[in-house]
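Chain by chain, the residues:
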Number of protein chains: 2
Amino acid sequence: MKEYFDLLLSTPLFSGIDPQDLYPMLHCLGANTVTIPKGDPVFLEGDAAGFIGVVMEGSVQVVQEDFYGNRNILTHAEKGDLFGEAFACANIETMPVSGYAVRDSKLLLLSCQKMLTVCSSACLFHNQLVKNMLKVVAQKNLEMNNKIRFMSQKTTKEKLMAYLLEQAKAAGSSEFTIPFDRQALADYLGVERSAMSAELGKLKKAGILDLKGSHFVLHRT
Amino acid sequence: MKEYFDLLLSTPLFSGIDPQDLYPMLHCLGANTVTIPKGDPVFLEGDAAGFIGVVMEGSVQVVQEDFYGNRNILTHAEKGDLFGEAFACANIETMPVSGYAVRDSKLLLLSCQKMLTVCSSACLFHNQLVKNMLKVVAQKNLEMNNKIRFMSQKTTKEKLMAYLLEQAKAAGSSEFTIPFDRQALADYLGVERSAMSAELGKLKKAGILDLKGSHFVLHRT
DNA sequence: GCTCCTTTGTTGGAAATCCAACATACTTTC
DNA sequence: GAAAGTATGTTGGATTTCCAACAAAGGAGC
């Protein structure tokens, strides 16, 4: 696990933590790693809640699925990102959503309960950890706000543009790569893939953007 | 402000706090009350972020508004509820949304920065406060998850049913009252008011529910 | 009771989405 | 390089939403 110490220290969860404290802290948090092959579930709706996931390799998507088989992608977690924190910290018993490995992934799982309980050993930093977690969960909240903003646009074109403008803003550039393929983007925005694909074609033809795969360039007109 | 101490102590933010500590704590958090008449803004998009709101009287809605004048209701906060916590804790500079008083309201505003900074006086409970806040923000996250679940349904009828079933579940009864009028419910679900009204009529005619104003009864068939 | 004003329900045509089916491009595997 | 599998783009018709305008119902104030 030591090979991932630098990665962990760079995550917002362990921000401000003394590197020397990391190892005992991980032990105290009941850390354990799991390896999940591409496409397999990390957890399923109904599973016991209470753990916080950190992506060390690969990527994870958290999704809602309904009867009809419709997928709605809630969050996409890349290397260094957290997932499941909000469910862990909200004191619920079972997960209301599922998580899948989008690629072969190596994940670190931490116990939320142990994070919130002060224990004996090297855990003077528990309080810092809780503050970090608060910030992480609050920022996840902002992300969901953004998603809601995209989804509440009326037309597919408006949803796309709202999303792409936000990505450009986040990248600080009119050129950026999104973490979704077409189907996943449609599932994230809550629209039809084929209709979305058609809208992307129109936007390109209108000179508003260029795209190649998941790489986009927005033109200001 | 003392008249509201019991209310404050019953909120999840001050859960586990010794009543004797409340007053100095409020002082330490830079608490101040404001009175907002019905319909007036509590804060507007672009205002400085950083405060946590507690509803002591009345109710507050947090909304997103776009160019076209479309409203999207993000959260509805009743007496005893918090609002704006996620924006305050996420370390952003300006509010990305607006808040309005739905009725004449009396609000308590707390400084988030002061909550996260350990100060000298009676603030041994800061850590408890941060933990409480983490739970509150995490639960708000679940609420947004639910809203996303409603919004990601394909038809207006499905959105309505998903919302109403959740309300029944939350009320623990097939009979419940929602905090929205028709226009507000439409704005919350992201649908047309008139189309939604028509769907409600169909659902009633089909014997799936009864409704009078904001009071609903779901029938199991 | 009466009027004014707000909320809710109803309607019909225009616009957009949904869906399934198929065409094309790109990847992977052997 | 061929073949199989996956991802993306394209099309047309059925369904649904959107929008504006109006009708009906309910409430507040006088």
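Quick notes on the rules
Residues numbered from 1 in each chain as written. Chains lettered and ligands numbered in written order. Predicted model: local features only at pLDDT ≥ 70, side-chain atom pairs only at ≥ 80, totals over all residues. Heavy atoms only, no water. Domains from an automatic or database assignment. Contact = heavy atoms within 4.5 Å. Buried area = accessible area lost by both parts, 1.4 Å probe. Salt bridge = Lys/Arg side-chain N within 4 Å of Asp/Glu carboxyl O. Near = heavy atom within 4 Å. Polar contact = N/O pair within 3.5 Å; in protein donor to acceptor, adjacent residues only side chain to side chain. Helix = DSSP H or I, 4+ residues; strand = E, 2+ residues; numbered from the N terminus. Nonpolar A, V, L, I, M, F, W, Y, C, P; charged D, E, K, R; others polar.

### So, the domain arrangement of chain A
Residues and elements named next belong to chain A. Its domain assignment divides chain A into domain 1 (2–144) and domain 2 (153–218). The straight-line distance from the C-alpha centre of domain 1 to that of domain 2 is 28 Å. Counting residues at the interface gives eight residues for domain 1 and six residues for domain 2. It is Arg71, Ile73 and His76 in domain 1 that bury the most area against domain 2; as a group they hold 68% of the surface buried on that side. At the boundary of domain 1 and domain 2, one finds one salt bridge.

### Description of the protein's contact with DNA strand C
Close contacts around DNA strand C come from Thr155, Thr156, Glu192, Ser194 and Glu199 of chain A together with Lys154, Asp181, Arg182, Gln183, Arg193, Ser194 and Ser197 of chain B, and that covers them all. The sugar-phosphate backbone supplies 65% of the atoms of DNA strand C found within 4 Å of the protein. Separating a phosphate oxygen of DNA strand C from a side-chain N or O atom of Ser197 of chain B is a distance of 2.6 Å. Mapped onto the surface near DNA strand C, the elements with two or more residues apiece are helix H8 (193–205) of chain A together with helix H7 (182–189) and helix H8 (193–205) of chain B. Broken down by element, the surface near DNA strand C gets its largest block of residues, three residues, from H8 of chain B. Tallied by class, residues from the surface near DNA strand C come to no nonpolar, six polar and six charged.

### A look at the protein's contact with DNA strand D
All residues adjacent to DNA strand D are Lys154, Asp181, Arg182, Gln183, Arg193, Ser194 and Ser197 of chain A together with Thr155, Thr156, Glu192, Ser194 and Glu199 of chain B. Expressed as a percentage, the sugar and phosphate content of the atoms of DNA strand D within 4 Å of the protein is 61%. In this structure, Thr156 of chain B approaches DNA strand D through a main-chain N or O atom, which is 2.4 Å from a phosphate oxygen. Separating a phosphate oxygen of DNA strand D from a backbone N or O atom of Glu192 of chain B is a distance of 3.2 Å. Taken together, the elements giving at least two residues each to the surface near DNA strand D come down to helix H7 (182–189) and H8 of chain A together with H8 of chain B. When residues in the surface near DNA strand D are grouped by element, the largest group, three residues, is from H8 of chain A. Looking at the surface near DNA strand D, its residues break down into no nonpolar, six polar and six charged.

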